[in-house]
Amino acid sequence: MEKVKKKSLDKNQKWALFFCGPNIIYFIVFFLFPAIIGIYYSFTNYNGLYKMDFIGVQNYKELLNDNEFILVFLNTLKYVLVNVPIGYVTALGLALLLVDDKVKGNSITRILVYWPTLLSTIMVGITWKWIFGESFGVINYILLQSGLEPVKWFSEASSAFWTTIVASAWSGCGVNMLIFIGGLKQIPVDLYEAAKIDGANKWQSFFHITLPALKPVSFMIIMLAIINSFKVFAMVQTLTNGGPGTSTTYIIQYIYKTGFDKMKVGYASASSMIMFVILMMISFIQTRINARSEKEM
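Residues numbered from 1 in each chain as written. Predicted model: local features only at pLDDT ≥ 70, side-chain atom pairs only at ≥ 80, totals over all residues. Heavy atoms only, no water.

**Here we look at the packing of aromatic side chains**
Applying the stated criterion across every chain, the model contains 23 aromatic pairs. Summarising the aromatic geometry, the rings of Phe 18 and Phe 19 are spaced 5.3 Å apart at their centres and angled 75 degrees between planes, so their arrangement reads as edge-to-face. In this structure Phe 19 comes out as exposed when scored by relative accessible area, which is 57%. Ring centres 5.5 Å apart and planes at 75 degrees place the aromatic pair Phe 161 and Trp 162 in the edge-to-face group. Judged by relative accessible area, Phe 161 falls into the buried class, the value being 4%. The class of Trp 162 is partly exposed, set by a relative accessible area of 44%. Seen from the ring of Phe 161, Lys 78 lies directly overhead, with NZ or CZ sitting 4.4 Å from the centre. (Phe/Tyr/Trp six-rings, centres within 6.5 Å; stacked < 30°, edge-to-face > 60°. Buried < 20%, exposed > 50% of the residue type's maximum accessible area, 1.4 Å probe, protein only. Lys NZ or Arg CZ within 6 Å of the ring centre and 35° of its normal.)

And the structure:
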């Protein structure tokens, strides 16, 4: 029998592997390897220094009865349910306003809207902390000059929560706006012209043409927004430090404080594994829904 010759990589494939190599190494070293270590730590009582005994699923059992973890998870869920729709509507609204390249000033406005995306999340938190500062903030200064009472932005739970939402929408809408603009430009103009001839107004065209045509784009933006909202950390840590109390303490902050402040690395790893499973389930459900909707189209 003739030996089956193994196919060797051609020149283009070798160059592709060469350029992808650094990213593959980066992924293995900084994502895959730490993830495997985190899974192992979640079954131990590792304290970050020397103590590391295997304790099985004890961390997971304690987490399910941990009132603080449950409260923080509900805070995170509330943040996601509010932040994702607001971010989606804001980005889509800006895209609809700025999609026309022929309108004077649209290009500059796009740059200004996109600019906050270039800032680090820590800088976003610092920027909005100066804006919302109770004793030194720009908004309270304007209120005082107008004869109004200053707002306790960080001393009250509801106002602290909404400051995180505003800061997140401001910093994240730029990228989503550009993605929406790309999607809007792919919609054939003939569809709108035909709808106009049939007597459809702008709102009817929007709900029956624009939104259905943007389904794939919307799916991607919503899925990424949910994942990023669950992972929010640096911006909120800088802006409110999780306060007042635990009203703006979200799950990544809880994991950070548990692992580094309380030196309960194993317990924090179990928390991160639970969040990982939740995000995997959400992504799976969204993918199935999107696949089903594409089949129906």
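**Considerations on the packing of helix 3 (residues 67-98) against helix 4 (residues 106-114)**
Contact geometry for helix 3 and helix 4: axes closest at 10 Å, N-to-C directions at 160 degrees. Looking at the two axes, helix 3 sits roughly antiparallel to helix 4. Crossing angle aside, the handedness with which helix 3 passes helix 4 is left-handed. Touching Leu 94, Leu 97 and Leu 98 of helix 3 are Asn 106, Thr 109, Arg 110 and Val 113, all from helix 4. Among the residues making up the contact of helix 3 with helix 4, the classes are represented as four nonpolar, two polar and one charged. (Axes fitted to C-alpha atoms, helices over the stretch in contact; angles between N-to-C directions. Helix = DSSP H or I, 4+ residues; strand = E, 2+ residues; numbered from the N terminus. Parallel < 35°, antiparallel > 145°, perpendicular 65-115°, else oblique. Left-handed = near helix turned anticlockwise from the far one by under 90°. Contact = heavy atoms within 4.5 Å. Nonpolar A, V, L, I, M, F, W, Y, C, P; charged D, E, K, R; others polar.)

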